[in-house]
Amino acid sequence: MTKDEIRNFLLQGTFTGKLGTINKEGRPHVVPIWYTLDEQDNIVFNTGGESVKAKNIKRDNRVRLCVDDQTPLFSFVIVDGTAQIEKGQPSETYKWAKIIAARYMGDDKSEEYGRRNSGEGEILVRIKPTRIIAQK
């Protein structure tokens, strides 16, 4: 896939990402996430600051994200990258949580889910891609 095809694929519909982090025993921990992309094509998502994935990222920020289309021809994108927990303002977390919520829940529920997903203890994470594998 070209760079534009990869961006379009990652932003298509409501595909979830399967985020892989490394747990304290050194084993993979994989969970589905809602996400979007920023202007620099970094993956942006929010999570609880005490979630397993957040703790894993704090300890080892190497991550892998897999996004796949489960209909034939089964296209996919795998992103290796480094995750950075944002120490920004709650308004920035809310801004991105609302954008992500609109994608997955629709504009009519974006504010409700945006507030829920940016409340006390929620954090914003950006993944800077270091390698991308894509197939269509």
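We now examine the pattern of salt bridges. Pairs can form between side chains of opposite charge once their charged atoms are near each other. Per the counting criterion, the structure on display carries 13 salt bridges. As a salt-bridge pair, Arg 64 and Asp 80 come within 2.5 Å of each other at their nearest N and O atoms. Taken as a pair, Arg 64 in strand S5 (residues 62-68) and Asp 80 in strand S6 (residues 76-86) lie far apart in primary sequence, 16 residues in all. The class for Arg 64 is partly exposed, based on a relative accessible area of 40%. A salt bridge links Arg 131 to Asp 80; the shortest N-O distance between them is 3.1 Å. Placement of the pair is Arg 131 in strand S7 (residues 122-135) and Asp 80 in strand S6, with a sequence separation of 51 residues. A residue is classified by how much of its surface remains accessible, and Arg 131, at 43% relative accessible area, is partly exposed.

Taking strand neighbours across the sheet as the criterion, the seven strands line up as S2-S1-S5-S6-S7-S4-S3 in an open arrangement whose pairing is antiparallel. Each edge of the open sheet is held by one strand with a lone partner, namely strand S2 (28-33) and strand S3 (36-37). As paired elements, S6 and S7 share 11 bridges and run antiparallel to each other. Its bridge partner being in S7, Ile 78 is matched across the sheet by Ile 133. Docked against the sheet, helix H3 (residues 90-105) engages S2, S3, strand S4 (43-48) and S7, running at close to 55 degrees with respect to S7.

Here we come to the environment of Ile 127. Its place among the elements puts Ile 127 in strand S7. By relative accessible area, which is 1% here, Ile 127 ends up buried. Considering only alpha carbons, one finds Ile 127 and Leu 11, 116 residues apart in sequence, at a separation of 15 Å. Leaving out residues up to four positions away in the same chain, Ile 127 has contacts with Leu 19, Asn 42, Ile 43, Phe 45, Val 63, Gly 81, Thr 82 and Ala 83.

About the cut-offs
Residues numbered from 1 in each chain as written. Predicted model: local features only at pLDDT ≥ 70, side-chain atom pairs only at ≥ 80, totals over all residues. Heavy atoms only, no water. Salt bridge = Lys/Arg side-chain N within 4 Å of Asp/Glu carboxyl O. Helix = DSSP H or I, 4+ residues; strand = E, 2+ residues; numbered from the N terminus. Buried < 20%, exposed > 50% of the residue type's maximum accessible area, 1.4 Å probe, protein only. Pairing = 2+ DSSP bridges. Contact = heavy atoms within 4.5 Å. Axes fitted to C-alpha atoms, helices over the stretch in contact; angles between N-to-C directions.

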